[in-house]
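Residue-level listing of the chains:
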Amino acid sequence: MLKVFYSKNQSVGANASFSPSAGKPEHVVKSWKERRQAFEICEFEPVTREDLKLIHEPSYVDGVLDLTRSNGFGNKSPEVAAALPWVAGSMVAATLTALKNKTVTISPTSGAHHAHYRNGGGFCTFNFLILAALKAHEEGAKKVGIIDLDCHYGDGTQDIINTLKLDFIQHYTFGGDPLIHKDPALWLKKLPDVVSTFSDCDLIIYNAGVDSHVDDPLGGYLTTEQIQERDSIVLNPMRKKFIPIVMSLAGGYQKDASGNIPKVLELHGFVFNAAWFAEKMNNEEEELVYE
Ligand SMILES: [Zn+2]
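Residues numbered from 1 in each chain as written. Predicted model: local features only at pLDDT ≥ 70, side-chain atom pairs only at ≥ 80, totals over all residues. Heavy atoms only, no water.

> Would you take a moment to explain the overall build of the chain for this structure?
Within the chain, the secondary structure is distributed over 10 helices and 7 strands. Computed over C-alpha atoms, the radius of gyration of the chain comes to 17 Å, within 12% of the 19 Å expected from 2.2 N^0.38 for 291 residues, which places it in the range of a compact globule. Overall, the chain is about 55 × 45 × 40 Å in size when its C-alpha atoms are taken along their principal axes. Contacts in the chain between residues at least 24 apart in sequence constitute 73% of all its contacts with a sequence separation of at least 6. Taken as two groups, the 28 positive and 37 negative side-chain charges of the chain have centres that lie 1 Å from each other. (Helix = DSSP H or I, 4+ residues; strand = E, 2+ residues; numbered from the N terminus. Rg over C-alpha atoms; globule rule 2.2 N^0.38 Å. Contact = heavy atoms within 4.5 Å. Lys, Arg positive; Asp, Glu negative; His and termini not counted. Charge placed at Lys NZ, Arg CZ, Asp CG, Glu CD.)

> Help me understand the coordination of the zinc ion in this model?
Where a metal carries four tetrahedral donors, each ideal angle is 109.5 degrees; where it carries six octahedral donors, the ideal angles are 90 or 180 degrees. Those donors, Asp150 (OD), Asp150 (OD), His152 (ND1) and Asp211 (OD), are the protein atoms that reach the zinc ion, and they lie 2.0 to 2.8 Å from it. Around the zinc ion sit 4 donor atoms, and with donor-metal-donor angles ranging over 51 to 150° the site reads as irregular. Read N to C, the donor residues that coordinate the zinc ion are spaced as D-x1-H-x58-D. The partly exposed category is assigned to His152, whose relative accessible area is 24%. (Donors = N, O, S within 2.8 Å, 3.2 Å for Na, K, Ca; no water. Tetrahedral: all angles 85-135°; square planar, octahedral: opposite > 155°, others 65-115°. Buried < 20%, exposed > 50% of the residue type's maximum accessible area, 1.4 Å probe, protein only.)

> What is the right way to read the packing of helix α9 (residues 224-240) against helix α10 (residues 262-280) from this model?
In helix packing, the relevant descriptors are the interaxial angle and the interaxial distance, both defined with respect to the helix axes. Closest axis-to-axis distance for the α9/α10 pair is 10 Å, and the angle between their directions is 25°. By the angle class used here, α9 and α10 are roughly parallel. By crossing handedness, the relation of α9 to α10 is classed as right-handed. Of the residues in α10, those touching α9 at Thr224, Ile227, Gln228, Arg230, Asp231, Leu235 and Arg239 are Lys263, Glu266, Leu267, Phe270, Val271, Ala274, Ala275, Ala278 and Glu279. Here the residues of the contact of α9 with α10 are counted per class, giving 8 nonpolar, 2 polar and 6 charged. (Axes fitted to C-alpha atoms, helices over the stretch in contact; angles between N-to-C directions. Parallel < 35°, antiparallel > 145°, perpendicular 65-115°, else oblique. Left-handed = near helix turned anticlockwise from the far one by under 90°. Nonpolar A, V, L, I, M, F, W, Y, C, P; charged D, E, K, R; others polar.)

> Help me understand the layout of surface pockets in this model?
Empty space among the atoms becomes visible once a probe the size of a water molecule is rolled across them. In this structure, the largest pocket spans a volume of roughly 310 Å³. Lining the largest pocket are 18 residues, and of these Pro20, Gly23, His27, Gly259 and Ile261 lie nearest its centre. At the level of elements, α1 (24-33) and α10 are the ones that each hand at least two residues to the lining of the largest pocket. Grouping the constituent residues of the lining of the largest pocket by class yields 7 nonpolar, 9 polar and 2 charged. (1 Å grid on protein atoms, 1.4 Å probe; cavity = no way out; pocket = protein on both sides within 12 Å on 5 of 7 lines; lining within 4 Å. Points joined across faces, edges and corners; volume = space filled by probe spheres on them.)

> Looking at this structure, how should I read the packing of aromatic side chains?
Aromatic rings in a pair are described by how distant their centres are and how their planes are angled relative to each other. In total, this model carries 9 aromatic pairs according to the counting rule given. Between Phe44 and Trp86 the ring centres are 5.8 Å apart and the planes differ by 65°, which places this aromatic pair in the edge-to-face class. Of this pair, Phe44 sits in the loop between β2 (40-42) and α2 (49-53) while Trp86 sits in helix α4 (residues 78-101), and the two are 42 residues apart along the sequence. Consider the rings of Trp276 and Phe277, whose centres lie 5.1 Å apart with planes at 80°: the pair is edge-to-face. Pair check on accessibility: Trp276 and Phe277 agree, each one buried. Pairwise contacts between aromatic rings join Trp32, Phe39 and Phe272 into one cluster. (Phe/Tyr/Trp six-rings, centres within 6.5 Å; stacked < 30°, edge-to-face > 60°.)

Spatial relationships are all this shows, so hold off on functional conclusions.
The following block contains the structure:
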C-alpha cells in the first residue's frame, strides 16, 4: 500500500504569503482521503538542526529557527519555523522508506528547490530534496537522481550541489530546459530521453510541481492532460527497473475567487494517482494504467 509521510506538525494554517504551500499538506492529504484509493499515513520524526546544517550554512539554519532571519516566505513566523523540521522530516522518512523497500512513497511537501546553501527565497527555506539525497547516500544509494518538474529553475538545489560538491547527485530541472519555453509538446515528447539518463540511479527524487500547469499565475506551459502524461513518463520506466522513487509536491498557485486552491488540489491528486498506481506495479510486464 502506498505510504504517505504526513504529520499535522508539518502544516501551517495561517502563513502570510502568496504561496499556499505552508498549509498545503493538510489540504492535500484530506483531498487524497476522498479519492477512495487506500493509502497508509506513516509517522516520522522531525530532522534536527544538525541535519539541516549538513546542507546549509549553520548561521542561516540557526537564524531561521531562532527567528532572527527571514524564512523563504520572507517572514519570521514562529509557526513556520516550528513546522520546517517536520517538513524536512517527512521528505527524509519517505525517501529512506522508498530506498529500503524499493518502492514509491510520497512526502506531501513543498518549498525546497530555491533554498540555497546560504539563504532561502521563492517560498523555499530549507532544501529537503538535497537533505533527502544526502541521507539516502549515507544509507547506500551510490547515485541519486533529482528530477525536478516544478516550473521554475531549481537554483537552490544546483547551488548546494556545487557548493558541497555532491557529485553523487544527477539533477534535471524543468525550469532550466530551454526547450520548454519554445515547444511544450516537443518537450513532453522528449521527456522519456531525459528520464532514461537517470536509469542507473539507485533512487529517484521526483519533485512533481504543478505550477507547470498552463493556467498557473506563476508558471505555465502544460495542460492538465500533459501533466498526467508527464507523471507516467517519469514513473513507468523507473518502476519497471525497481528503482525506488520518492515524490514531493512543489509549486502550484492557482486560486479561486475565495482564495481556495481546488485546481492545485486536483493536479496534486493526479500526482497522487500516478504514485498510487505505480506502487501497485510489481512485475516488469505491467504498465501504469489510469482508471
Ligand atoms: Zn515553482
